[in-house]
Each structure stands twice: as structure tokens, then as C-alpha cells.
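Here's the letter readout for the chains.
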Amino acid sequence: FIIYHFSSLLSNPMVNRTSSPNSVFSVEQIYNSSRLQKLYKTSSLDPDPNATYDRTAFAELIGNFEQQCDAKKLSSPYAYTTYSRKEALHLARAIKKHLKSDQPSSLPSSTSAPHLPHLPSLATIFSEANLKKLEKHTASPERIGASAESTIPKPSDHREIPKIQPHPPAAQPVKCGSTLTQGKATLAQNIHRTVLYPKYMFKNCLPAICEAVSIMYRDLRDHEWKPSKIFASNVPLKLSSVASFAGKKAPGYSCQLTFTKKFDDRARFETIFYELCEESGMADPFSMGCVRWNDDITLLNEYSPAFTDVPGDHYIPNSRSYYAEGSKFKHVHIAIEMFESDETTIMQAHLPGRAWDGTSCFNFTKELVHRYYSDDAEAERSPVFRANELIKMRDDSREKFDSMWNILSWAWKVPFNVYSNQSGLCWQKASAEAGIDGYKEIPKELCHVNFSDTQSKKLAAALKIHKTSSYKGVVAPTAALIFAGVHAFKIELGEFPYTVPMQASLQTRSFEPAFQERRFVGDWLVGVLHKVRTWGRSLGLKTYTVDDAQQFYEDLVEGLATTDKSVQDAFYSRVLGKLKGGAAAFEKTPCYPGNSRLNDSLFFNNYGYRTIHEDSGCVGFNWSGAGKVGINCILINGRICCSIASTQLPLTKVEEIRDTFKEILLAMMNGEDGDAAVKRITVERH
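Residues numbered from 1 in each chain as written. Predicted model: local features only at pLDDT ≥ 70, side-chain atom pairs only at ≥ 80, totals over all residues. Heavy atoms only, no water.

Draft legend 1. Just the environment of Ile634, in detail. Looking at where Ile634 falls in the secondary structure, it is placed in strand β15 (residues 629-636). Considered as a pair, Ile634 and Thr478 are 156 residues apart in the sequence and their alpha carbons are 9.6 Å apart. In this structure, Ile634 is in contact with Phe362, Asn606, Tyr607, Gly608, Arg610, Phe621, Trp623, Arg639, Ile640 and Cys641, ignoring residues within four places of it in sequence. (Helix = DSSP H or I, 4+ residues; strand = E, 2+ residues; numbered from the N terminus. Contact = heavy atoms within 4.5 Å.)

Here it is in C-alpha cells:
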């Protein structure tokens, strides 16, 4: 965690991403953070704000901390992103003790190399390509903003400094051009986690099963054994209007919208925002909602359709991602942050994801922009917050959901489902404690691939003529996205995901009448499971094909229309679980009664075709998913926008998954058969 802070010097997005290894970085760049000032005091460090260091010198300094002050003996050079608060405190004490005994009380000056006896530098551990990846890895936890920009070197600032010679490495450097990958588990680590796994299962599994069964029985008993009544008792607008929800404020869904136009009439924008908050049921919109205009912050980059690989910190200085920024708004229910330049506007929205489903959170931002560009009478015509008045559950769907036979045919599997989920969770915990990379729970890392409208149209056209055994004769875009996501997971992580928990809404299928535009705010989300890791695929006897993805998509559409068994199971897993709704929040509980193994699966969501008022110039919408790997997709105003995220993997690995996901889609876009493209890419990687 402390190394993470120091690494911000290497990765600060205000520095040119294509800078050379000897680019100059100022200590003031990180010293201006109040948190880092406290860190320096704790560690007995007294940096000179005027000193400058090249990347190699700081790589050696970080290498020193990793090698001599690492309390956990991490097995990979990038594992510093996974420190917990407790471990960070432990490491801070170790650094302080080390500095007092072996090191001078200040950072090395820019005219001499740091004293680092027998230590490899990160410059020798990483290739130049990987150091460039590190530059966009992390940022300071607090924005430095305009107050700190005076002496921070800009990309055009080419000051000369004395060349610092790197210390001779003690370890064999990685060959130039090699790829940063997860370290493989050693034999000792595998034995260690195998020993730890039963301990975690003994401690956690049975209590989770008992909790799941007791919640299921209690809720059925209290609602006359009718799951549809449990669903009806969940009132999203009421939940988002109370002071707190499940002991927390309502924000839990963060997203980022990209526009090519400004919102010049700020008074109108804020008036509409607070009107929407009031219409949603909030008792005091001005204390429960927040709009912030960040005029003192200059965007790092302007929007360009040619730039598709968008990192989380692409636009906002010293901000790891819009998801990380959501933690600043714990005192409100809905927050909108605006960042504007002459050509680009970035809206970061933090919405009640613990009460509303994801589509509803999107609909709030859509309605905000729509009313801004519409006449004032639109507020009277809008049905956004009137779902309870306008739609109701279909009778045939209600009968299937309330069928005692259907309930029992699902309920008897709940103990095994919870056991399976706990097995995956306990294996993750055991692996993390054994020090194996890619298993420790970390703050969410994310990145994006946002295709242009031309590329999006090209992919849609290519899929219409793609070879398939589907009776429809075409490959649906959703199927292609799932296919690419499954194989990106497999290629980069070495195994297929256990399942694909596919996020789906019951609003237009299980409720009537159908409003195809789907403007409502509420909560109709369920997670339909698509089993991927079969014995045949695990043993290499079968693989996952485009036709498999297309068949799942067709079954999903048909199942939602007829309320089949997969949809019934998804419905029961939600309404009979510990949490009853929200933007996938109910799927994350340890006692979730559906067999999703979220920390071993590919969480997937595709909003499909959506629009935001054409006069706004909206060219991008991104939000992040949950679990080991989450891929969220949307076709917004004709552009496919995809977010790839993880709460276990470091950013470098998340970006590798993104790159492979993109490579498969580009191959299909260019007319290559999807199955053949995956075979080719797999061979090339090995």
C-alpha cells in the first residue's frame, strides 16, 4: 500500500505517457497530498520538494522498499497494489525501523544515486514496455488539483538533470520485450493454501449455509410462501430516499459519461437535478443530492474516437477511476461531478446502486440530460418514476414464481449452491494468505475499450454474415461480447470462468404492458447463470465456441419471455437471499443462494442499445462490474463501450484481459471466424 503511494510518482497521469526512462518527476507531485505528508512523518522521511528524480532512481528506491521492508514477502514485483490497511500499517512500521537503522533521514538528492546495496531495481525487473504500463497504473489517492501544479513537470518540460547510474542488479533482469504476467504459485505456496483451505471452509461454510437456509425459510413464511410478494415488498424508491440503506448511504453505482459539448446553463442543470431527486422520493434533495463543478481541474486528454483503450485515469488528474472517486460522496445518495474543457465534458455520476438496479441508475443520468435539452413540459410527461403505477407483473410469471413445486425444486439445491460459493471464496482466501498472485481482495481496478461508431457498425455488419449453426443465421452482438469475454478470461488466466452470471432485467418480459424504451427507475434485475467450466472444457476435450455463446443468448431471450427454470432460479436467488436487490449487490453476499461463484467467474452485463439525447454529444458511457473479472457493455448512441474490472487482479492483468477481449472482437470485426481467431491468438501467446 505504501509502495502504491510511492509508485504514483511513476504513474501520475499528468506526465507524458510516452516519456523516456529519464523523464523528470518532482517530489512535490506526491508530497502535496496530505495523506502522503502524514506517511512521510510516520516513516521519518523528509523529502526535498525541489528535488527531482529520474524514473530509474525511483525504481531503485521502490525496489529497496520492496526487497528490505516487505513485511509479507510478496512474490511478484507488482503485488504492492494488494496491501490491506492492517498490512500497510505493519509495513509502515517496518520501513520506519529500517530507515532509522540503515538509511539516511531524507530521500536522495537528484545529483547522486540512492544508497541501495545489492538490490535489483524495478527498471531491471520490468522491461521498458512494462514500465510504460506502470505509468498509467495508479494515481495519488487525493487529487492534487490546481494548487499543486506550479512545479509539477509538464510533458513539455524537458529540464536537464544529472544522469543517475542504476545500481548493478542482484537478480537476472527480465528480457527486453517480455510481458508482465502473474507469478506462478510455487510448490510451497500450493501446499500452504491446500492446508489453509479446510480451515476456512470449517470456519465459514456451515454458518453461511445455515444463514442462507434460515433467511429463505423466514422470508417465505412471512410472505405466505409467495416469492412474488417478497419481490413486491422491495420498494426501490423508498429505499433510496431513507437516510441510509443497510447501514450505508445509497451510492453504490458509479459511472462515467463522455460528451463533446458543455452544459452551459448550469443553473438549469442543477434545477433539473434536484427536481429529479425530489421526484425519486428524497425528503431533502439538497442534502441528499450533490452537484460539483470542477473548474479548477484541467482534463488530461480530450475525447478522440481514434483512442479506444481508455484507462480509468485517462481524463481526470490524480484520479484512479470514477469508481474510486465514489468514496468521496458517502454523505449523500446521488452525486454528479462535472469536468469540462472546450471540447470534452466528463460527467461522473454516483447513484443509489444499493436500491436501484443498474439500468435505473443509467436512466437517471439519461433523464437528467434529456430534460436539460427538452422543454420544461417534459417533466410532466415523464414516466421515469411511475413504474408502480404503469406496469405490473404478468399473471403467468407470478404463477410460475409462486409455484411450490418450482420453489422446492430450487430450494433443495441451496445448501450445495452456498457450499460451492464458499468453496470458491475460501480457496481465494487461502490462496491470498499463501501469497499467490491474483487472489487477494483489492480496491477495484478497471479499464475500458470504447469503440468508435464506425467500428461498432463494422462489427454489427460482420456478425450478420458470421458462420453459425443458429437457426436465426446470425450472431448477436451480445453473444460475440460474451464469447470474447470468456476467451479473454481463459487466455489470460489459464482457465475458463466457472459461470457467466448474466445480468438481465425482468421489466420488459415479466411485466406488462411493455415499455420498450425502458425509461423507468426501479429494480428488476436478476442474475441468470451460464455454466462455462464443464469437465469436458476443463480436460481440453471441448472448447467454448461462438455457437455456444449464441445458443446461450437465444435461450436467455426465450427464457425471459417464458419465465423458464433458469429465470426462476435467478429470481429465487435474489428475493430469497440476504439482500433483495440493487445493482448486483445481492449477488455479492457470502450466503448468496445461487451457484454463481462470483469470485471465480466472469460477471457480465450488456445494456444493449441505449440513447442519450443527441444534442448532448454523448459519445461514451462506462461503469464497472463485480467479481474476479467483470465486463460491462453498452451500445450508447451507436458506439460500443466496454468496461473491464476486477477486485482481485492488478491493473496490468486487467488491461491484458481488455487487450485480448478487444483483439478477438477486432478479428471478428475484420471478418475472421471467431473460433479460428481464438485458436490463432492462443497459439501466438504460447
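Draft legend 2. Spatial organisation of empty space enclosed by the protein. Enumeration over the complete set of coordinates arrives at 4 cavities of 30 Å³ or more. Its volume calculated, the largest cavity comes out at about 70 Å³. Lining the largest cavity, in full, are Thr258, Glu302, Tyr303, Ser304, Phe307, Val310, His314, Tyr315, Asn450, Val619 and Gly620. Partitioning the lining of the largest cavity into residue classes produces 5 nonpolar, 5 polar and 1 charged. (1 Å grid on protein atoms, 1.4 Å probe; cavity = no way out; pocket = protein on both sides within 12 Å on 5 of 7 lines; lining within 4 Å. Points joined across faces, edges and corners; volume = space filled by probe spheres on them. Nonpolar A, V, L, I, M, F, W, Y, C, P; charged D, E, K, R; others polar.)

Draft legend 3. Quick look at unusual backbone geometry. Cis peptide bonds are those with omega within 30 degrees of zero, and the linkage from Glu512 to Pro513 qualifies with -10°. Within the fold, Pro513 resides in the loop between β11 (511-512) and β12 (525-531). Notably, Thr563 is not glycine yet its phi reads approximately 55°, a positive angle. Relative to the helices and strands, Thr563 is located in the loop between α23 (546-562) and α24 (565-575).

Draft legend 4. Inspection of the packing of helix α21 (residues 477-493) against α23 at higher detail. Look at α21 against α23: their axes get within 8 Å of each other, and the N-to-C directions meet at 130°. Considering the angle they form, α21 stands oblique to α23. Regarding α21 and α23, the two cross each other, and that crossing is right-handed. Across the interface between the two elements, Thr478, Ala479, Ile482 and Phe483 from α21 touch Val546, Ala549, Gln550, Phe552 and Tyr553 from α23. Tallied by class, the residues present in the contact of α21 with α23 amount to 7 nonpolar, 2 polar and no charged. (Axes fitted to C-alpha atoms, helices over the stretch in contact; angles between N-to-C directions. Parallel < 35°, antiparallel > 145°, perpendicular 65-115°, else oblique. Left-handed = near helix turned anticlockwise from the far one by under 90°.)

Draft legend 5. Molecular detail of the packing of helix α11 (residues 266-279) against helix α14 (residues 358-372). In the contact formed by α11 and α14, the axes pass within 10 Å of each other and the chain directions differ by 135°. Here α11 is positioned oblique relative to α14, judged by the angle of their axes. α14 is crossed by α11, and the crossing has right-handed handedness. Along its contact with α11, which presents Arg268, Phe269, Ile272, Phe273, Leu276, Cys277 and Glu279, the element α14 presents Phe364, Glu367, Leu368, Arg371 and Tyr372. Of the residues assigned to the contact of α11 with α14, the class counts are 8 nonpolar, no polar and 4 charged.

Draft legend 6. Representation of the pairing of strand β6 (residues 334-340). Of all 7 residues in β6, 7 are buried; the element is thus mostly enclosed. Burial along β6 is two-sided: Ile334, Ile336, Met338 and Glu340 facing one way and Ala335, Glu337 and Phe339 facing the other are all buried. Inspection of the sheet shows strand β4 (residues 289-293) paired to β6 by 5 bridges, in the parallel sense. Within β6, the position partnered with Cys290 by the bridge is Ala335. Note that β6 and strand β7 (residues 345-351) share 6 bridges and pair antiparallel. If you follow Phe339 over to β7, its bridge partner there is Ile346. In sequence, β6 turns back onto β7 through a hairpin of 4 residues. (Buried < 20%, exposed > 50% of the residue type's maximum accessible area, 1.4 Å probe, protein only. Pairing = 2+ DSSP bridges.)

Draft legend 7. Highlighting the sheet that holds β7. If you trace the 5 strands from one edge of the open sheet to the other, you get β4-β6-β7-β3-β14, paired in mixed fashion. Sheet topology places β4 and β14 (618-623) at the edges, where each strand pairs with a single neighbour. Recorded for the sheet is a direction-independent mean angle of 15° between the axes of neighbouring strands. Pairing between strand β3 (residues 253-259) and β14: 5 bridges, direction antiparallel. Each bridged residue has a counterpart across the sheet, and for Cys255 the counterpart in β14 is Trp623. Each of β4, β6 and β7 is contacted by α11, which is oriented at about 160° to β4, the strand it contacts most.

Draft legend 8. Just the side chain of Thr258, in detail. Within the secondary structure, Thr258 sits in strand β3. According to the relative accessible area criterion, Thr258 is buried, its value standing at 3%. Filtering out sequence-adjacent residues up to four positions away, Thr258 remains in contact with Tyr303, Tyr315, Thr344, Thr345, Ile346, Gly617, Cys618, Val619 and Gly620.

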